[in-house]
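Remarks on the overall topology
Take a look at the letters that make up each chain.
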Amino acid sequence: MNSKDAREPSEAELAEMDRDQLLKLGGALDGVEIVDYPDPWPVKGTRAEKRAERGVALWFLLAGLAGLAFVVLLCWPDVWRYKAPEAEGTFWYSLYTPALGVTLGLAILGLGVGILLYTKRFIPHELAVQERHDGGGEGSSEIDRKTIVAHLEDAGHRSTIARRSLIKRSAALGGGALGLGLVALPVASFIKNPWTEPDPANTLWHTPWGPEHPGDVVYLRRYTGNSHDIVLLRPEDLDAGGMETVFPFHESERNDPEKLSAVFNRSDTPVMLIRLRPEDAARVVKRQGQEDFNFGEYYAYSKICTHVGCPASLFEQRTNRILCPCHQSQFDALHYGKPIFGPATRALPQLPITVSADGYLVARSDFVEPVGPAFWERKS
Ligand code: FES
């Protein structure tokens, strides 16, 4: 029967038809002739069929276990917290991100391979021929809707999924665990409280640039490649138009190798010390309330981009622009580090600096605002 031969049944006849009849009718109306529609497992319950079923279930099971491992890792308390290279637990911390990637990857792989294998081994591979025709732009009729539904039901029926409880259960485990992981991924970051640090100096509002006790002097320290070297900066160490990344140094850290190196691994310590050329320094626009944050031609800005926290490491001497390579934000060093291009919307925090009695560059206080990207509790 083809579309020319097919007779449209009356409504009463249509209501009486079972799925097989609707299937044939739908094909005929569309000019589709099913040439071959073999059942992949004509003899039910063979060992080969059971083996194929277990093979599919195994992949779904792998997806489930990997998905659950991903969720557990994501929610495990404190394992995600940054550890400096020399600190205790660094090895396990270094495995955290790879472990997240591997477990999520395995969950997706397991689910994908399971679906592919099921399609390959259990869904009948029909061979059909269809006449070409133009639908004429008319909407679907009742017959079309019914016959299409019959086609879909038939596909579900012939896939034999209804009687394969092992595959259904393992697929539910795999899909459920993966779905749970995908929900946990954005939600987990909201349930970890960043304000539970016992030491207030480590919260988002403070950096090691602040004095540890009254009278504590915080020097600008150069990084030489050896984290135990203590090289402090004097104004004459930087040429006009130059930029150098500096870190805080407290006299109390002099004989503490752990603290001396830890300061280089913190995300809130790097500061760009810029010495403007005299002709550029004359054009500087200062931020209200921060008019004395510079020392002559020397300006110090946090190196942490206010977009999402990459190091804004590039300073273009000719234009006095600070560039963040991550998403191309640009900040104007002559205009209190305010953003002039790219996605960043806040100025780079400026560190108030001066020169100590012994001629070294020092910080006058901590930053007056949090460094880095925005977070809910900050006002600016
Ligand atoms: S992190 Fe700097 S532009 Fe995005």
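What you see is a predicted model, and the numbers here were worked out from it, not measured in a lab. (Residues numbered from 1 in each chain as written. Predicted model: local features only at pLDDT ≥ 70, side-chain atom pairs only at ≥ 80, totals over all residues. Heavy atoms only, no water.)

Turning next to the packing of aromatic side chains. The tally for this structure, following the rule as stated, stands at nine aromatic pairs. Seen from their ring centres, Trp41 and Phe122 are 6.0 Å apart, and the 35° between their planes marks the pair as tilted. With Trp41 in the loop between strand S1 (32-36) and helix H3 (47-75) and Phe122 in helix H4 (residues 90-122), this residue pair connects regions lying 81 residues apart in the sequence. Grouping residues by exposure puts Trp41 and Phe122 together as buried. With centroids separated by 6.2 Å and ring planes inclined at 35°, the aromatic side chains of Phe295 and Tyr298 adopt a geometry described as tilted. Exposure remark for Tyr298: the relative accessible area of 6% places this residue in the buried category. Counting every residue linked through ring pairs, the aromatic cluster contains Trp41, Tyr118 and Phe122. Over the face of the ring belonging to Tyr37 we find Arg158, whose NZ or CZ atom lies 4.0 Å from the ring centre. Over the aromatic face of Tyr360 sits the side chain of Arg234, whose NZ or CZ is 4.2 Å from the ring centroid. (Phe/Tyr/Trp six-rings, centres within 6.5 Å; stacked < 30°, edge-to-face > 60°. Helix = DSSP H or I, 4+ residues; strand = E, 2+ residues; numbered from the N terminus. Buried < 20%, exposed > 50% of the residue type's maximum accessible area, 1.4 Å probe, protein only. Lys NZ or Arg CZ within 6 Å of the ring centre and 35° of its normal.)

Its identity as a non-glycine residue notwithstanding, Thr160 has a phi of 60°, on the positive side. Structurally, Thr160 is set in the loop between helix H5 (142-158) and helix H6 (165-191). Positive phi, normally seen in glycine, also occurs at Tyr336, with a value near 45°. If you trace the backbone, Tyr336 turns up in the loop between strand S10 (330-332) and strand S11 (338-341). Classification of Tyr336 as partly exposed rests on a relative accessible area of 22%.

This brings us to the UniProt feature "transmembrane region" (unreviewed entry) in the protein chain. Residues given the UniProt feature "transmembrane region" (unreviewed entry) here are residues 56-76, 96-118 and 171-191. Taken end to end, residues 56-76 comprises 95% helix and 0% strand; its first and last C-alpha atoms sit 30 Å apart. Segment residues 96-118 splits into 100% helix and 0% strand. End C-alpha atoms: 33 Å apart. (UniProt positions renumbered as here; feature names shortened; annotations may be inferred.)

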